[in-house]
Structure formats: C-alpha cells, structure tokens
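# Chain and residue survey
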Amino acid sequence: MQPLTQIDREAWRFVNSVSIITVAVDGVVNAMSAEWCAPVSLKPPLIGVFVGEERFTRGLIERASTFGVSLLAEDQAWIGRACGRHSGGAVDKIGAFQIPTEPAQFIDAPLIAGAAAQFECRVLDRRVYGSHMLIVGEPLRAVGNPAKRAIAYSRGRFYRLGEEVDASYQV
Ligand SMILES: Cc1cc2nc3c(=O)[nH]c(=O)nc-3n(C[C@H](O)[C@H](O)[C@H](O)COP(=O)(O)O)c2cc1C
C-alpha cells in the first residue's frame, strides 16, 4: 500500500484549540494563528507547534530563540481569524487589526492580552515534517486565566466548548 498524498475532507474531523504564535526577530514582530499547537511532554513540560513552509512566521521562527503561545478565549475568535487570514509579510497584523497584546517577561515577542492561557517558550528543537516544521518549546512561564474559556476550531470554524458527553462504560 502506498501512503496517501492527501486526506479526504470527510475524514478531516480534527478538533483543536486555537493558539496565537507570536515571534519577534530583529525588530519584526508577528502573530500567527495555529490550531496545530499542543503539549508534547509533561515532564519536562514541552509545547510543540507546526508551522507551514509558506508562513511568514516560518522564516522568523527558524531564527528565533523564543516564541509565545496564547490560547484564545471565547471573545477572541476574531483574533484567530485575523491572524490566520493575513500574512505578516504583507501587513503588520498587531497594528493594523489592533490585536491586544502585552509584554512578556522572558521572551522578546508580546503575548495576546486577555487570552485563556499564555506560554513563554524557549526553542528546544526544530524538525521538518513535509510542509510543516515542528518547533518544540520549553515554557519559561505559563499563566492561565480562570475567568476565560479556550475555544475550539474544526474545519474552518470556531466553537465554544459545549455540553460534556457521557464517557461512562461497563467494567
Ligand atoms: C484558526 C486557524 C488555525 C491555523 N493553524 C495553523 C497551524 O497550526 N499551522 C500553520 O502553519 N498555519 C495555520 N493556520 C494558517 C496561518 O495562520 C495563516 O496562513 C497565516 O496567515 C500565516 O500568517 P503569517 O504568514 O503571518 O505567518 C491557521 C489558520 C487559522 C485561521
């Protein structure tokens, strides 16, 4: 059997959170939406993000030693749309769309203010898998806002978390 060259749209049922990856290199600051951003280890805590080869962020994060991850909250889907639809190569997204940011403590890039959670990461490793580069970061600081709930993204749409489903089973 040959591996697939493409996954059928009907099979694409992944449900992910929405992060904004912030990077600052040589005075250039950019913010990119990422649904492919997830923890990769608990001990030590590690967070990975996959960045496509066509992204402006790709050239930045290949050179950056740190990056920020801000998990968007229910009132911030518009930030996910704006930072996922426009490229930092063409527009200063943070300025043009008035993305609310705040300075980080340990990294050069700002964080998204009002996010459900924020992580300041140091780059530990980079590895290319096909079109995307996996960048693994060690969080230097992680903060959650208990008043905010993270949102989900699936097949091009943003969602708030809904009803919990029954997960009980017979032993
Ligand atoms: C909600 C959402 C999630 C996205 N997730 C990713 C992702 O995980 N990795 C990626 O490379 N691109 C992802 N994209 C696409 C980039 O965010 C988009 O191409 C963006 O314009 C790139 O910005 P940049 O060129 O400034 O880096 C996503 C887009 C949206 C709207």
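Residues numbered from 1 in each chain as written. Predicted model: local features only at pLDDT ≥ 70, side-chain atom pairs only at ≥ 80, totals over all residues.

Moving on to the overall build of the protein. When you go through the protein residue by residue, the secondary structure sums to three helices and 12 strands. Relative to the 2.2 N^0.38 estimate, which gives 16 Å for 171 residues, the radius of gyration of the protein is 17 Å and therefore close to what a compact globule would have. When the backbone C-alpha atoms are referred to their principal axes, the protein occupies close to 55 × 45 × 35 Å. Taken over 171 residues, the protein has a buried fraction of 30%. The long-range fraction of contacts in the protein, counting pairs at least 24 apart against all pairs at least 6 apart in sequence, stands at 64%. (Helix = DSSP H or I, 4+ residues; strand = E, 2+ residues; numbered from the N terminus. Rg over C-alpha atoms; globule rule 2.2 N^0.38 Å. Buried ≥ 20, exposed ≤ 12 C-beta atoms within 10 Å, placed from the backbone. Contact = placed C-beta atoms within 7 Å.)

Either a parallel or an antiparallel arrangement is found when strands of a sheet pair, and the pairing is made through backbone hydrogen bonds. The strand order β3-β2-β6-β9-β10-β5-β4 describes an open sheet built from seven strands, whose pairing is antiparallel. Strands at the two margins of the open sheet, each flanked by one partner only, are β3 (28–34) and β4 (37–41). Along the sheet, successive strands turn relative to each other by an average axial angle of 35 degrees, direction set aside. Pairing of strand β2 (residues 19–25) with β3, which is carried by seven bridges, proceeds in the antiparallel orientation. Bridge pairing in β3 links Ser 19 to Ala 34. (Pairing = 2+ DSSP bridges. Axes fitted to C-alpha atoms, helices over the stretch in contact; angles between N-to-C directions.)

As summarised here, the arrangement of the three strands in space is β1-β11-β12, forming an open sheet in which the pairing is antiparallel. Since the sheet does not close on itself, it has two edges, and those belong to β1 (16–17) and β12 (157–160), each with one partner. Here strand β11 (residues 151–154) pairs with β12 via four bridges, running antiparallel. Across the sheet, residue Ile 151 finds its bridge partner in β12, namely Arg 160.

Bringing the pairing of strand β10 (residues 132–144) into the picture now. In this sheet, β10 lies alongside strand β5 (residues 46–52) in antiparallel orientation, the contact comprising six bridges. By the bridge assignment for β10, Gly 48 is matched with Val 136. Alignment of strand β9 (residues 117–129) against β10, held across 12 bridges, turns out to be antiparallel. Residue pairing in the sheet places Cys 121 in a bridge with Pro 139 of β10. Hairpin remark: β9 followed by β10, antiparallel, with two residues in the connecting loop; positive phi at Gly 130, about 60 degrees.

Quick look at the nonpolar core now. Among the nonpolar cores identified, the biggest contains 35 residues, and Ile 20, Ile 21, Val 49, Phe 67 and Leu 72 are the most heavily contacted of them. Apart from the residues lying within four places of it in its own chain, the contact partners of Ile 21 are Met 32, Ala 34, Cys 37, Val 49, Thr 57, Phe 67, Gly 68 and Val 69. (Core = buried A, V, L, I, M, F, W, Y, C linked by C-beta atoms within 7 Å.)

Right, let's get into the site of the ligand. Among the 23 residues in the neighbourhood of the ligand, the closest are listed as Trp 36, Thr 57, Gly 84, Ser 87 and Gly 88. Looking at the shell around the ligand residue by residue, the class counts come to nine nonpolar, 10 polar and four charged. (Near = placed C-beta within 6 Å. Nonpolar A, V, L, I, M, F, W, Y, C, P; charged D, E, K, R; others polar.)

Here we come to the environment of Arg 13. With respect to the helices and strands, Arg 13 occurs in the segment before β1. According to the C-beta neighbour criterion, Arg 13 is exposed, with 8 such atoms within 10 Å. Residues Arg 13 and Val 128 lie 115 residues apart in sequence; the distance between their C-alpha atoms is 24 Å.

What follows is about helix α2 (residues 77–85). Of all the residues in α2, the buried ones are Ile 79, Gly 80 and Cys 83. Looking straight down α2, one finds its buried side chains confined to an arc of 100 degrees; they lie on one side. Exposed positions of α2 whose direction lies more than 90 degrees from the buried face are Trp 78 and Arg 85. (Arc of directions from axis to C-beta.)

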